[in-house]
Amino acid sequence: IAYGNYSIDMTLWAFLLIISTLSVFFMVLKNLIRLIMEPGQKYFKERTALKIKSNQLLMNQGLLQYFEGRWGSARKILEKSAKKSTLPLLNYLVAASSAYEDGDQKGASKLLSYAEKSIPGNDLIIGLTRAKIFVREKLYAEALAILQPFYAKFPSHLIILRLLYLIYRGLKDWESLRKLLAELGRYKVFSKIKLQEIEEAVYASLLAAISTQEGSMSEDLINFWHKIPKKLKKEKRVLLEYVAGLHEFDESSHAEVLLRAFLKTCWDDRLIRLYGIVEGEDAQKQLIFAESWLASHPDSPELMLALGRLSWRCQLWGKARDYLESSIAIKPQPQAYVDLARIMEHFYKHEESLECYQKGLSLGVRSE
C-alpha cells in the first residue's frame, strides 16, 4: 500500500487478518456503547412517559372535580397540570369555567388569557367561552360585541346562533331576533316545537311593542299583521296580542270579528275574557254568541265575567249581576268585583257597591 512517500508491505493474509480484527473490534465497541447507553435512554423514556401519565391522571382528576361541582379544587388542579399537559387549551378553558362557577370572574378572564397564549389560533373557542360567561352574567351588549365578528365568519355555527338568540331575547331586541329566525330554522338550532314557541314569542312581542309605542297608529299594527306568517296568525298568543292592540287603537269591531272566528273552533280563557271587553257592531249578537259556550264551559269564571260585561253593555242589569256573581263564586277576581260594584251602583245599593270595591281592592293587593 503506497501513499505519497510512504509505503506499507505485508502479505494478503496479514491484511485480511487486520481487517477482520478491526471489524470485530468496532462491532464489540458498538455493542458495548449500546449496552452503556440503552439503560439510560430507557430510563429517560420511562421517566418521560411516567410524567405524561401522571399529568394525565392529574388532569382527569381535575375534570372529575369540575363535573362534581368542586370548582375551587378543579381550578387548582387543572391550572397546575396545564403547564405540562399535552392539551393545555382544554386545561385552561375548564379551569376558567371552574373559576367562573366559583364566583371569581377576574380569575376566569385571566385563565382565558392563558388559554389564548397556550395555543394561538383558537380565537373562536375562547371567544365563545367569554361570550357564554357574559350571557350568564346578563352582560348582553358585551357578549354581542364578541359574537358579531364570529357570526360574520361562521353564520351556520350552532353555538353562535344559540347565544345570539339568548342575547337578543335578553335585550328584548325582537326585531333582530325576528331576522335571526330564518337561520335558526335553516340550521335546525332548536327542535320544531321550540322554534315554534320562539316564533310565537317574537311576533307577539313585536305586536305588543307596536301597540304601546308612542306615535304608533292602527295602520302600523295592521300592516305588520299582514307580514306575519299565515301559520302564526292562528296561534293564540299572537292573536291575543293583535286583538288587544286593535282594542287599544279603537278597532274593536275588527277585533270582535277575529275573536269570534277563532272561538268558533277553539276555546281559550284569555280570548274569551278579551271577547267580553271588545265592542262589536252588535252587542246583542255578541252576547248570544258568548252564551253559546255556557253548555260546554259552565264552570269558567272568565266566560261568566265576559257574559256579565256583555250583559251590562246590552243594559241587561239583572243578568249582568247574575253572571258576575257566578264568576266570583267560581273564582274571585278583582275585576269581577269592580264590575259588580258598578252594577250595585246602578241599583242604588251603595253599601253593597262599596263592599265590592273593597273586596276587589283587597284581592288585588293580595294577588300582587
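Note that the structure is predicted; figures quoted are calculated from it, not measured.

Rules used throughout
Residues numbered from 1 in each chain as written. Predicted model: local features only at pLDDT ≥ 70, side-chain atom pairs only at ≥ 80, totals over all residues. Heavy atoms only, no water. Helix = DSSP H or I, 4+ residues; strand = E, 2+ residues; numbered from the N terminus. Polar contact = N/O pair within 3.5 Å; in protein donor to acceptor, adjacent residues only side chain to side chain. Contact = heavy atoms within 4.5 Å. Phe/Tyr/Trp six-rings, centres within 6.5 Å; stacked < 30°, edge-to-face > 60°. Buried < 20%, exposed > 50% of the residue type's maximum accessible area, 1.4 Å probe, protein only. Salt bridge = Lys/Arg side-chain N within 4 Å of Asp/Glu carboxyl O.

Participant: Pulling in residues and values, what's your account of the side chain of Ser327?
Facilitator: Among the structural elements, Ser327 can be located in helix H17 (residues 317-330). Here the side chain of Ser327 touches Pro301 through a polar contact of 2.9 Å, landing on its backbone oxygen. In this structure Ser327 touches Pro301, Met304, Leu305, Pro332, Gln333 and Ala336, once residues within four positions along its chain are discounted.

Participant: How would you sum up the packing of aromatic side chains? Please name residues and give values.
Facilitator: Scanning all chains against the criterion turns up seven aromatic pairs. Relative to Phe289, the ring of Tyr275 lies with its centre 5.6 Å away and its plane at 65°, an arrangement referred to as edge-to-face. In this pair, Tyr275 sits in helix H14 (residues 269-275) while Phe289 sits in helix H15 (residues 283-291), placing the two residues 14 residues apart along the sequence. Phe289 sits in the buried class, given a relative accessible area of 14%. Aromatic pair Trp312 and Trp317: ring centres 5.0 Å apart, planes at 70°, arrangement edge-to-face.

Participant: Go over the pattern of salt bridges, please, and point to the residues and values.
Facilitator: Under the criterion given, the structure shown has 15 salt bridges. As a salt-bridge pair, Glu256 and Arg260 come within 2.8 Å of each other at their nearest N and O atoms. A residue pair is termed a helical-turn pair when its members lie 3 or 4 positions apart in one helix, as Glu256 and Arg260 do in helix H13 (residues 252-263) at four residues. Classification of Arg260 by relative accessible area gives buried; the value is 18%. Glu302 is paired through a salt bridge with Arg273; the nearest N and O atoms lie 2.8 Å apart. In this pair, Glu302 is assigned in helix H16 (residues 301-313) and Arg273 in helix H14, connecting sequence segments 29 residues apart. One salt-bridge network, in which partners are shared between bridges, spans Lys236, Asp268 and Arg270.

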